[in-house]
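Tertiary structure, described
Below, each chain spelled out in residue letters.
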Protein chains: 2
Amino acid sequence: MTLYVNLAELLGTRIEQGFYRPGDRLPSVRALSVEHGVSLSTVQQAYRVLEDSGLATPKPKSGYFVPVSRELPALPAVGRPAQRPVEISQWDQVLELIRSVPRKDIVQLGRGMPDVTSPTLKPLLRGLARISRRQDMPGLYYDTIYGVHELREQLARLMLDSGCQLGANDLVITTGCHEALSTSIRATCEPGDIVAVDSPSFHGAMQTLKGLGMKALEIPTDPLTGISLDALELALELALEQWPIKAIQLTPNCNNPLGYIMPESRKRALLTLAQRFDVAIIEDDVYGELSYTYPRPRTIKSFDDDGRVLLCSSFSKTLAPGLRIGWVAPGRYLERVLHMKYISTGSTAPQPQIAIAEFLKSGNFEPHLRRMRTQYQRNRDLMIDWVSRYFPTGTRASRPQGGFMLWVELPEGFDTLRLNRALLGQGVQIAVGSIFSASGKYRNCLRMNYAAKPTPQIEEAVRKVGAAAIKLLAEERATD
Amino acid sequence: MTLYVNLAELLGTRIEQGFYRPGDRLPSVRALSVEHGVSLSTVQQAYRVLEDSGLATPKPKSGYFVPVSRELPALPAVGRPAQRPVEISQWDQVLELIRSVPRKDIVQLGRGMPDVTSPTLKPLLRGLARISRRQDMPGLYYDTIYGVHELREQLARLMLDSGCQLGANDLVITTGCHEALSTSIRATCEPGDIVAVDSPSFHGAMQTLKGLGMKALEIPTDPLTGISLDALELALELALEQWPIKAIQLTPNCNNPLGYIMPESRKRALLTLAQRFDVAIIEDDVYGELSYTYPRPRTIKSFDDDGRVLLCSSFSKTLAPGLRIGWVAPGRYLERVLHMKYISTGSTAPQPQIAIAEFLKSGNFEPHLRRMRTQYQRNRDLMIDWVSRYFPTGTRASRPQGGFMLWVELPEGFDTLRLNRALLGQGVQIAVGSIFSASGKYRNCLRMNYAAKPTPQIEEAVRKVGAAAIKLLAEERATD
Ligand SMILES: Cc1ncc(COP(=O)(O)O)c(C=O)c1O
Ligand SMILES: Cc1ncc(COP(=O)(O)O)c(C=O)c1O
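Every chain is numbered independently, its residues counted from 1 as its sequence is written. Just so you know, chain letters begin at A and ligand numbers begin at 1, following the order they were written in. Restriction of local features to residues with pLDDT of at least 70 applies here, the model being predicted, together with a cutoff of 80 or more for giving and counting side-chain atom pairs; totals for whole chains, interfaces and linings are based on all residues. The basis for the side-chain values is all heavy atoms of the structure; hydrogens and waters are excluded.

**Some details on the pattern of salt bridges**
What counts is decided by this rule: We define a salt bridge as a side-chain nitrogen of Lys or Arg found within 4 Å of a carboxyl oxygen belonging to Asp or Glu. For the purposes of this entry, the term helix denotes a DSSP run of H or I that reaches at least four residues, the term strand denotes a run of E that reaches at least two, and both are numbered from the N terminus.
With the rule as written, the count across this model stands at 42 salt bridges over all chains. Among the ionic pairs, Arg332 of chain A bridges to Asp306 of chain A, the shortest N-O distance being 3.6 Å. Taken together, the positions of Arg332 of chain A in the loop between strand S11 (326-329) and helix H11 (334-345) and Asp306 of chain A in the loop between strand S9 (280-284) and strand S10 (309-314) put the pair 26 residues apart, joining distant regions of the chain. Across the pair Glu460 of chain B and Arg463 of chain B runs a salt bridge whose closest N-O atoms are separated by 2.8 Å. Note that Glu460 of chain B and Arg463 of chain B are positioned in helix H15 (residues 456-479) at a spacing of three residues, about one turn of the helix.

Below is the structure:
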């Protein structure tokens, strides 16, 4: 599996660096196979990855080309976060986001909602209703602290796809991925400790560090390949002398907000690093199932041989966040995680667990995922296209390889907080970039959700964001 | 309201102290009314309280008597916990309890399950099913961090019964009372801080202190009137010099495990104390609605005039624990509680919230409560009777004024851990007393659940507990 990702990376870099220009024909599958000593199907897989990231277009019977028709926006720059542990700020901005109620009259491009209107979810809804009508309804009882056994069995099976060989008793059901993350952080770190995070990073995990009196050390992160291992190694070396880094928290698959999938070789290297410095890895895989490439990418957990990886996930992005069902595979920290779970919610509601277990068992999950992946991938291309069209020239954008979020970078100095305020009256809401940094970096960035089926209303909303940005930029220049 | 409780207390103490003996006629309603300068109805209310606690029996047309027929077991002794803050132990015992799955072949007298088989719950189940079938099912979406607005409105109305005048925006929905408690503790205390607790005390709250690196100071607690204010005052005075006590955590209404309702005057006095020493009060009211007397008792929160009381509750005891819906009224700590809630679970599942809101709105809650209160009160008498009959002579038992748990005290030196092990093969499980103490006191005590409709199977289970206790005691004496 590593082979095709490596090859895709190599070709991708060459394209990005202008070695091949728009319109150029790319080397044939056969030529690459000979050049790199890999099978034809490996090259084909590599091309599919490039296709997914918009770096190659197939032309029937003539091979692959660098796309011309649509000029992709440049990639976001690698962030340059503070090189020391920081207290986490941005709670006010996060609160503003999570205070908002779903509203029909506002296009909420800012939130992490998947599309929950797909007909492939119907069996799940019927299941929920059916359980409520059952004699001696099991959803009314306290569950064991581990969660419903049938669900854990199904999960153990599901996780084989990501390379994990776990049993039902290696898993603990949680109230969403949030609870998986916070129990994991509390199981591995103490107040005052430092956690290394990818940057930009999911605000939920960072606000958890804040709430627990911990600090974040933001590690520069490449928008295509993920957290910088060099920077991380340097930080861990420094940590030996100065800072108590206890864990690395990151989202290597279909990263939020950047959308990349960390190549497998780098996942292994990260694990080796964690072993060398004896720190835990808290791996968020909440979007892993929504990778546009098949089979889905492996988790770092799948390489874990000494139980130091705590894998956190949930059905919030693949099924529906309102169910609040997640899980954690806590490795050697199981006992601590159980204690932390007990004190945070006691146990998790059984009804949605039973319904999801039945949904999985009946084989309804795979077709649902397939449909959503296709929809999200198509929407990604559309969203990037809209950004190219409606946003200020020079706008950069990520190349999500899974999930349903686009990261957009406006010129340095631009203030998306002002942008969001300007959009307030226009029925559109975005996620401002600064919440994805512990120290309020990325103010010139924003994140937009492209999960929903495209409608003229959504396109109009994106156009409004772009137009408001252009207007603000012009005003700034005028006052310069 | 204070008047009749005071009067009931006075008479109760006289009966308990033997001032009136079994079979004695108690003073007439008229005589007491004249003696204490209160209305006839106040005296009648006081007698109803005494009746509920099994201290008085009415005889038609001849007034109230001290019951003879059933010799009530003596009350448990006031505990003598450590007089200094302690690290909390007992996690292993708690884990053993919460690991257990509901099983048909075991009578689980140990868990905190209400009876969820009442037909008065039917509309709730139908509601849950109905919501799943709704177009664009609202249960699939992320909710606002505060929780479903309709439920908070209904709760604000419900809380009027306990004397609280709050608006929907003063409340935050939580994932059970557990989350209400842990967010409250984290909002008011830091690791290293000390929290004063009633003793015996709910293990969930104490394990939360443990998990957050805090210590508990167990305050002696009277089995009829609750936490000792003298002891608490002394502790707070000492604390000024030595220990950072930041909060008092207690369950004043239908206490778990002792079952008492703290008299109103003592609730007020406690609040005054908290104000004088400037500490927060974390009040657990999870059983408050299940008081056997009507109207239900007031909360300390209802007297709170400077926002220092954080009221925690849930529908786990009144409706069903598997729904995992609770709430917190955090007073001046709202902002901190929101942050702690965000990091613990993000938000709470909307579907059960909507179903409960509709259940309340349709007027289904009051009749349900009425039915459960009556059932639990009747079961209490039966359970006390079984304990009198089947347990070793000298066994003491609480007089629950609400809820569905009985606290049983065996002779000093008795070990309920051994008892539970002896019961293992007999299909019965109890809650050992030691989990209700931070330092493993109360090993000679146990808690039994009497929520379920009485059956020969349950009576047999209680008989087995008693028989096993008698056997163990005999063995102990033989080896002495
Ligand atoms: C990376 C990441 N992790 C975790 C979560 C939270 O998931 P849940 O809703 O299951 O708590 C999100 C959703 O916003 C996310 O983007
Ligand atoms: C006093 C007390 N508080 C809180 C709880 C927990 O309630 P919930 O199930 O809503 O988290 C219990 C139940 O065991 C309890 O007895």
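**Quick look at the environment of Glu51 of chain B**
All names here are of chain B. Rules: Exposure is judged per residue with a 1.4 Å probe applied to protein chains only, and the accessible area is read against the type maximum: over 50% gives exposed, under 20% gives buried, and values in between give partly exposed. Two residues qualify as a contact provided that any one of their heavy atoms is within 4.5 Å of a heavy atom in the partner residue.
Mapped onto the fold, Glu51 is located in helix H3 (residues 40-52). A relative accessible area of 31% places Glu51 in the partly exposed class. Considered as a pair, Glu51 and Tyr64 are 13 residues apart in the sequence and their alpha carbons are 8.9 Å apart. For Glu51, the residues in contact, after removing those within four places along its chain, are Ala56, Pro58, Tyr64 and Arg380.

**Overview of the layout of surface pockets**
So the rule is basically this: Any residue with an atom within 4 Å of a point lines the site, the site being either a cavity, points on a 1 Å grid over the protein atoms alone where a 1.4 Å probe fits but cannot get out, or a pocket, an open set with protein on both sides within 12 Å along at least 5 of 7 lines. Grid points are joined across faces, edges and corners, and a volume is the space filled by probe spheres set on the points. Think of it as three bins: nonpolar holds Ala, Val, Leu, Ile, Met, Phe, Trp, Tyr, Cys and Pro, charged holds Asp, Glu, Lys and Arg, and polar takes everything else, Gly as well.
Within this model, the largest pocket holds a volume of roughly 1,400 Å³. For the largest pocket, the lining is made up of 47 residues, of which Tyr141 of chain A together with Pro102, Arg103, Lys104 and Gln108 of chain B are closest to its centre. Of all elements in the fold, only helix H6 (149-158) and helix H12 (350-361) of chain A together with strand S3 (107-108), helix H13 (365-390) and H15 of chain B reach the threshold of two or more residues within the lining of the largest pocket. By residue number, the principal contributor to the lining of the largest pocket is H12 of chain A, which donates five residues. Broken down by class, the residue content of the lining of the largest pocket amounts to 24 nonpolar, 11 polar and 12 charged. Each pocket or cavity is described by its volume, and for the second largest pocket that value is around 1,200 Å³. Forming the walls of the second largest pocket are 40 residues, and the residues nearest its centre are Pro102, Arg103, Lys104 and Gln108 of chain A together with Tyr141 of chain B. Broken down by secondary-structure element, the contributors of at least two residues to the lining of the second largest pocket are strand S3 (107-108), helix H13 (365-390) and helix H15 (456-479) of chain A together with helix H6 (149-158) and helix H12 (350-361) of chain B. In terms of residue count, the dominant contributor to the lining of the second largest pocket is H13 of chain A (four residues). Tallied by class, the residues present in the lining of the second largest pocket amount to 22 nonpolar, 10 polar and eight charged.

**A short note on the site of ligand 2**
Rule in force here: The cutoff for a nearby residue is simple: one of its non-hydrogen atoms must lie within 4 Å of the molecule or strand. In the analysis that follows, any N or O atom pair within 3.5 Å is treated as a polar contact, provided that within protein one partner can donate a hydrogen and the other can accept it, and provided that, for residues neighboring in sequence, both atoms belong to side chains. Calculation of accessible area relied on Shrake-Rupley with a 1.4 Å probe; when residues are assessed, cover is drawn exclusively from the protein chains displayed.
Around ligand 2, the structure places 14 residues, and the nearest of them are Tyr142 of chain A together with Asn256, Asp284, Ser316 and Lys317 of chain B. Near ligand 2, the surrounding residues belong to chains A and B. Lys317 of chain B places a polar side-chain atom, nitrogen or oxygen, 3.0 Å from an oxygen atom of ligand 2. Coverage of ligand 2 by the protein chains reaches 97% of its 400 Å² of free accessible surface. Broken down by element, the shell around ligand 2 gets its largest block of residues, three residues, from helix H7 (residues 176-188) of chain B. Tallied by class, the residues present in the shell around ligand 2 amount to five nonpolar, six polar and three charged.

**Re the sheet that holds strand S8 (residues 245-250) of chain A**
Note on sheets: strands pair through backbone hydrogen bonds, and any given pair is parallel or antiparallel. Residues and elements named next belong to chain A. Note the cut-off: By the convention used here, strands pair only if DSSP detects at least 2 bridges between them.
In space, the eight strands of this open sheet follow the order S4-S11-S10-S9-S8-S5-S6-S7, with mixed pairing throughout. The open sheet has two free edges, formed respectively by strand S4 (172-174) and strand S7 (226-227), since each of these has just one partner strand. Note: strand S6 (residues 215-222) against S7, two bridges, orientation antiparallel. In the sheet register, Thr221 faces S7, and the bridge partner there is Ile227.

**Quick notes on the site of ligand 1**
The local shell around ligand 1 holds 14 residues, among which Asn256, Asp284, Ser316 and Lys317 of chain A together with Tyr142 of chain B are the closest. Looking at the residues close to ligand 1, they fall on chains A and B. Interatomic distance of 2.8 Å between a backbone N/O atom of His178 of chain A and an oxygen atom of ligand 1. The separation between an oxygen atom of ligand 1 and a polar side-chain atom of Ser316 of chain A is 2.5 Å. In the complex, the protein chains occlude 97% of the 400 Å² of accessible area that ligand 1 would expose alone. Tallying contributions element by element places helix H7 (residues 176-188) of chain A first for the shell around ligand 1, with three residues. Grouping the constituent residues of the shell around ligand 1 by class yields five nonpolar, six polar and three charged.

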